[in-house]
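Listed below are the residues making up each chain.
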Amino acid sequence: MQHFSGVGVMPGRVIGTIRHMPPALSEPPAGEKLDAAVTAEQAIAGLKEAAASVQADLRTRAATASPEAKAVLEATAQMATDSMLLKGANKLINTGLSAERGIWESGETVAQMLITLGGYMAERATDVLDVRARIVAALRGVPAPGIPDSTDPFILVAEDLAPADTATLDPAKVIALLTTGGGPQSHTAIIARAMGLTAIVAAKGLEALESGTEIFVDGAAGTISTSPGDTERTAVDAWLKNAALLSVFDGNGVMADGHQVPLLANVGGGKDAVKAAAAGAQGVGLLRTEFCFLGRDTEPSIEEQVAQYKAVFDAFGSKKVVVRTLDAGADKPLPFLTDASEPNPALGVRGYRTDTTSPGVLARQLSAIATASAGSEAEVWVMAPMISTPSEAADFAAMCADAGLATPGVMVEVPSAALSSEAILGQVSFASLGTNDLTQYTMAADRQLGPLAALNNPWQPAVLRLIELTVAGSRAEGNHKPVGVCGEAAADPALAVVLVGLGVSTLSMSARSLASVAAVLKTVTLERAGELAQLALAAPSAEAARTAVREALPALAELGL
Amino acid sequence: MSERLATIASASGLHARPAALFAEAAGALDIEVTIAPKGAPEDDALDASSILSLMTLGAAKGDEVVLRASGDGAEAALDSLVALLETDLDAV
């Protein structure tokens, strides 16, 4: 077994046989003279014609290529008749050199200039050399160099690919791409990423392998080995299974026993919402409205807010969108709302509390949310951040009622809210646990301080205990008012299982975590999740809780999560 | 001979797509247009329709370049090319 390594640019595990790119066109001999029967003028005209035919050929390929490949192919086609390249060749032809040698040297000069410039330019040198080889092939009347033809799928090995090659890559034939040269910014890398084709660049030594050799490629690790055995085949199988599971969320959060756990997205604006909806999110569990306000000196108008909120609502059709009212203060100061001179802003006038110092902003925001909601199909819920007492919850519910908003709720991120959740839920329709702040306030550890990172861990059993108390408060209140989680905790597949086991009804997270969380939830029943939650609550530390739960969830290791 | 000063607006500079679009526009004109960095001697000016020349010029966003042309329609041609350079072609 031989091993090679390079820079992995596209993950994937593949076993297959290799094919090498055909040897590059042979160089026209140095000093090759113009044929005695041909004048310099005729040779120059012939070169122009060859260049034009190469350009036409590249443009034809561009017409049927993917959008990414199209752009590079068109740029390469443009190079084929470039005045710098051709004038350089013409000058040499006029000194008596053959057209083949002339364009060869001219291409070399231009490529060297680009290499000297470094970076992006140096990587474009390959394009110039590719165009040069194609022109020489056209002059000689031989087929242009390119990807080998094969009836069976193969792993392509090349020194580096030019756009013209990558553009004609048939992903049904080429199952992985390996280059001995190139870099992570080369066309090979760019196009492999765009095509989702497993690829490794800069893997030295592969040129010595014979065509037809069977190899194992791990695009994530950037490793290649010959004579793959059972270990490698198992790795490929595992990858295929994971890739299928982890790339797509089917829009249905459900456990092994059929218990539904709607998986929602945290979003911060209209564009975000469109992406989250496309990723299958079953609604929005946290719309951060700060995006409307941050970076401004004055409050945005109601009309402006309506348009921004409506863009998010419309992305989700008739699904649920939970809007969090402005959460300014602490790490998100706003000049018209918060006092920057507070000695301890995390414990200062932030979130819902700004309504006491700057009344009016919240009422206008609620009115904008109500107007946007009335103009859309979405099921709009509204919640206030930093609620600490039942009377604050009651005041917020009254403001929502005044604005015409039917479903008021609160964020539970202050320990006092978790401890009094029964009384708080007596005033509002739902609660959403903000685990980031709840952890910070429970552990008295600033979220932004690196040395306190170990304390700032949502696996801390004390934090889990407060989550359990919040759910218990809802049960005691008696009206089945939902308690969700919208925080980093929900995006951790193992912790997501624990949260559901603690009785949380929905999980909201960044859209890219939906598929992983869904894949793990699917392997566990609600009852088992309850047992794992008890395991975590009983653990002596955050690390012990995490380890115990992860060990009890074999799906995590299988999925590589 | 007409001259114009232009500031490169494309985020990536005069590379890749912006360079391709500019070279194509310059090549489509009936007159020859040259491009040179601001302050460079006129003799060192490059063919504006050559994508390779544009790439070796290595102009970055914010760099100033001089466009030159003579003959009928030179003024209008230069105006249109300046407008192109002063547009962020990466964002189009």
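Residues numbered from 1 in each chain as written. Chains lettered and ligands numbered in written order. Predicted model: local features only at pLDDT ≥ 70, side-chain atom pairs only at ≥ 80, totals over all residues. Heavy atoms only, no water.

### Considering the side chain of T198(A)
All names here are of chain A.
Link 1 in the chain: Considering the arrangement of structural elements, one finds T198 in the loop between α7 (187-195) and β6 (199-201).
Link 2 in the chain: Exposure remark for T198: the relative accessible area of 7% places this residue in the buried category.
Link 3 in the chain: Beyond its immediate chain neighbours, meaning those up to four positions away, T198 contacts M10, P11, G12, V14, I175, A176, L177, V217 and G219. (Helix = DSSP H or I, 4+ residues; strand = E, 2+ residues; numbered from the N terminus. Buried < 20%, exposed > 50% of the residue type's maximum accessible area, 1.4 Å probe, protein only. Contact = heavy atoms within 4.5 Å.)

### A few points about the environment of T56(B)
Link 1 in the chain: The topology assignment puts T56(B) in helix α2 (residues 51-57).
Link 2 in the chain: When residues no more than four places from it in sequence are discounted, the contact partners of T56(B) are M84(A), M113(A), L114(A), L117(A) and L46(B).
Link 3 in the chain: Polar contacts involving the side chain of T56(B) include one to the main-chain carbonyl oxygen of S53(B), which spans 2.9 Å. (Polar contact = N/O pair within 3.5 Å; in protein donor to acceptor, adjacent residues only side chain to side chain.)

### Here we look at the interface of chain A and chain B
It is common to report an interface's size as the accessible area lost on association of the parts.
Link 1 in the chain: On the side of chain B, 14 residues touch chain A, which itself brings 15 residues to the contact.
Link 2 in the chain: Across the interface of chain A and chain B, roughly 1,200 Å² is buried in total on both sides, 70% from carbon and sulfur atoms.
Link 3 in the chain: Considering only the side of chain A, the residues that lose the most area to chain B are Q78(A), Y120(A) and M121(A), jointly responsible for 38% of the buried surface there.
Link 4 in the chain: Across the contact surface, chain A and chain B share zero salt bridges. (Buried area = accessible area lost by both parts, 1.4 Å probe. Salt bridge = Lys/Arg side-chain N within 4 Å of Asp/Glu carboxyl O.)

### As for the sheet that holds strand β9 (residues 263-267) of chain A
Residues and elements named next belong to chain A.
Link 1 in the chain: One closed barrel accounts for eight strands, arranged β9-β10-β11-β12-β13-β14-β15-β16; its pairing is parallel. Going across the sheet, the axis of each strand differs from the next one's by a mean of 25°, ignoring polarity.
Link 2 in the chain: Across three bridges, β9 lies against strand β16 (residues 506-509) in parallel orientation. By the bridge assignment for β16, L264 is matched with S508.
Link 3 in the chain: Across the face of the sheet, helix α20 (residues 514-521) comes into contact with β9 and β16 while running at roughly 160° to β9. (Pairing = 2+ DSSP bridges. Axes fitted to C-alpha atoms, helices over the stretch in contact; angles between N-to-C directions.)

### Digging into the nonpolar core
Link 1 in the chain: Residues L263(A), F313(A) and L507(A) are the most contacted members of the largest nonpolar core, which totals 97 residues.
Link 2 in the chain: Apart from residues lying up to four places away in sequence, F313(A) is in contact with L287(A), V321(A), V323(A), I369(A), A372(A), S373(A), S376(A), A378(A) and V380(A).
Link 3 in the chain: V54(A), A62(A), M121(A) and L52(B) belong to the second largest nonpolar core, which has 62 residues in total. (Core = buried A, V, L, I, M, F, W, Y, C linked by side-chain atoms within 4.5 Å.)

### Considering the domain arrangement of chain A
Link 1 in the chain: Domains assigned within chain A are domain 1 (23-140), domain 2 (154-246) and domain 3 (248-559).
Link 2 in the chain: One C-alpha centre belongs to domain 1 of chain A, the other to domain 2 of chain A; they are set 29 Å apart. (Domains from an automatic or database assignment.)

### A look at helix α13 (residues 390-403) of chain A
All names here are of chain A.
Link 1 in the chain: Taking 1.5 Å per residue, 14 residues should reach 20 Å; α13 reaches 20 Å between its end C-alpha atoms and fits that length.
Link 2 in the chain: E392, A393, F396, A397, M399 and C400 are the residues of α13 that are buried. The buried residues of α13 occupy an angular sector of 160° when the element is viewed end-on, so they sit on one face. What points out from α13, more than 90 degrees from its buried face, is the exposed set A401 and D402.
Link 3 in the chain: Contacts made by the buried residues of α13 are with α11 (354-357), α12 (361-374), β12 (379-384), β13 (408-412) and α15 (421-425).
Link 4 in the chain: Immediately downstream of α13, the backbone of G404 shows phi near 90°, a positive value. (Expected span 1.5 Å × (residues − 1). Arc of directions from axis to C-beta.)

### Notes on the packing of aromatic side chains
All names here are of chain A.
Link 1 in the chain: This model, assessed by the stated rule, comprises three aromatic pairs over all chains.
Link 2 in the chain: Ring geometry for F293 versus F336: centroids 6.5 Å apart, planes at 35°, classification tilted. In this pair, F293 sits in the loop between β10 (283-288) and α10 (302-315) while F336 sits in the loop between β11 (320-324) and α11, placing the two residues 43 residues apart along the sequence.
Link 3 in the chain: F293 gets classed as buried once you look at its relative accessible area, which sits at 0%.
Link 4 in the chain: A centroid spacing of 6.1 Å and a plane angle of 85° characterise the contact between Y352 and F396, whose relative ring orientation is edge-to-face. Linking Y352 in the loop between β11 and α11 with F396 in helix α13, this pair joins segments that are 44 residues apart in sequence. F396 carries the same exposure label as Y352, and that label is buried.
Link 5 in the chain: Looking at R19, its charged tip hangs above the ring of F154, at a distance of 5.8 Å from the centre.
Link 6 in the chain: Here the guanidinium or amino end of K320 rests over the ring plane of W381, the centre of that ring lying 3.9 Å away. (Phe/Tyr/Trp six-rings, centres within 6.5 Å; stacked < 30°, edge-to-face > 60°. Lys NZ or Arg CZ within 6 Å of the ring centre and 35° of its normal.)

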